[in-house]
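# Reading the structure
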Amino acid sequence: MKSFKTLVAMAGLALLSTAAAAQTDKATTRKIVEDKNYTFVATSATPLNGSDINSILSKMPGGASGGNINLTGNNYDVRITKDSLIAYLPFYGRSYTAPITNEESGFKFTSKNFVYDTTKRKRGGWDIRIYAKDVKDSPQLTISISESGYATLSMVSNNRQAITYNGYLSENSKKD
């Protein structure tokens, strides 16, 4: 029984340290959003067709379900700078055209020609809409950012069902 309590305490501590590392302070979040110089780090994905995904995942070893797919530790992100948009995200859901190669699976693209529109919310945070003009499938990204740096990214594409990613913002390093 004592080892179980220790295990629960360690798991709780790990969750708290992960959550604390993900946050940025309000000033940093405001600065990186206004400068258009940040990375959205995805920690989970929620496909539009959760019931279809659940039926597949429940048959796999481990029997995961719930429609929410954990991405922590996989380095999936969207890097935003004033002159470029670089996305590297997985895709779970229905695609209306089949990818020819593995490089075409997921959302993996770089855009130099995109529209970036920021709206400051009254209760704090930002809503950002990004439309990539020079990328196949013309993806549209909508990012809702809290003042503490947590964010939700909704991705809509011409040839795939919509998908939502949860995560946090990270400041781009100076060398990028």
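Relevant structure appears above.
Below is a short write-up of the structure. (Residues numbered from 1 in each chain as written. Predicted model: local features only at pLDDT ≥ 70, side-chain atom pairs only at ≥ 80, totals over all residues. Heavy atoms only, no water.)

A full pass over the atoms with the stated rule returns two aromatic pairs. Summarising the aromatic geometry, the rings of tyrosine 76 and tyrosine 88 are spaced 5.5 Å apart at their centres and angled 25° between planes, so their arrangement reads as stacked. With tyrosine 76 in the loop between β2 (69-70) and β3 (77-80) and tyrosine 88 in strand β4 (residues 85-89), the pair connects residues that are twelve residues apart, well separated along the chain. Seen from their ring centres, phenylalanine 91 and phenylalanine 107 are 5.7 Å apart, and the 90° between their planes marks the pair as edge-to-face. Placement of the pair is phenylalanine 91 in the loop between β4 and β5 (107-111) and phenylalanine 107 in strand β5, with a sequence separation of 16 residues. Both residues of the pair, phenylalanine 91 and phenylalanine 107, belong to the buried class. The aromatic ring of tryptophan 126 is capped on one face by lysine 120, whose charged end is 4.3 Å from the ring centroid. The side chain of arginine 160 reaches across the aromatic face of phenylalanine 107, ending 4.8 Å from its centre. (Phe/Tyr/Trp six-rings, centres within 6.5 Å; stacked < 30°, edge-to-face > 60°. Helix = DSSP H or I, 4+ residues; strand = E, 2+ residues; numbered from the N terminus. Buried < 20%, exposed > 50% of the residue type's maximum accessible area, 1.4 Å probe, protein only. Lys NZ or Arg CZ within 6 Å of the ring centre and 35° of its normal.)

This brings us to the side chain of aspartate 137. Locating aspartate 137 in the fold gives a position in the loop between β7 (126-132) and β8 (140-145). The side chain of aspartate 137 sits in the buried core without any salt bridge; arginine 160 is the nearest counter-charge, 4.5 Å away. Side-chain polar atoms of aspartate 137 contact the side chain of asparagine 159, separated by 2.5 Å. Residues within four places of aspartate 137 in sequence aside, it is in contact with Ser157, Asn158, Asn159 and Arg160. (Lys, Arg positive; Asp, Glu negative; His and termini not counted. Salt bridge = Lys/Arg side-chain N within 4 Å of Asp/Glu carboxyl O. Polar contact = N/O pair within 3.5 Å; in protein donor to acceptor, adjacent residues only side chain to side chain. Contact = heavy atoms within 4.5 Å.)

Now for the environment of serine 84. Along the chain, the position of serine 84 falls in the loop between β3 and β4. Put simply, serine 84 and phenylalanine 114 are 30 residues apart on the chain and 8.0 Å apart in space, counted from C-alpha to C-alpha. Within the structure, the side chain of serine 84 is placed 2.8 Å from the side chain of threonine 81, a separation counted as a polar contact.

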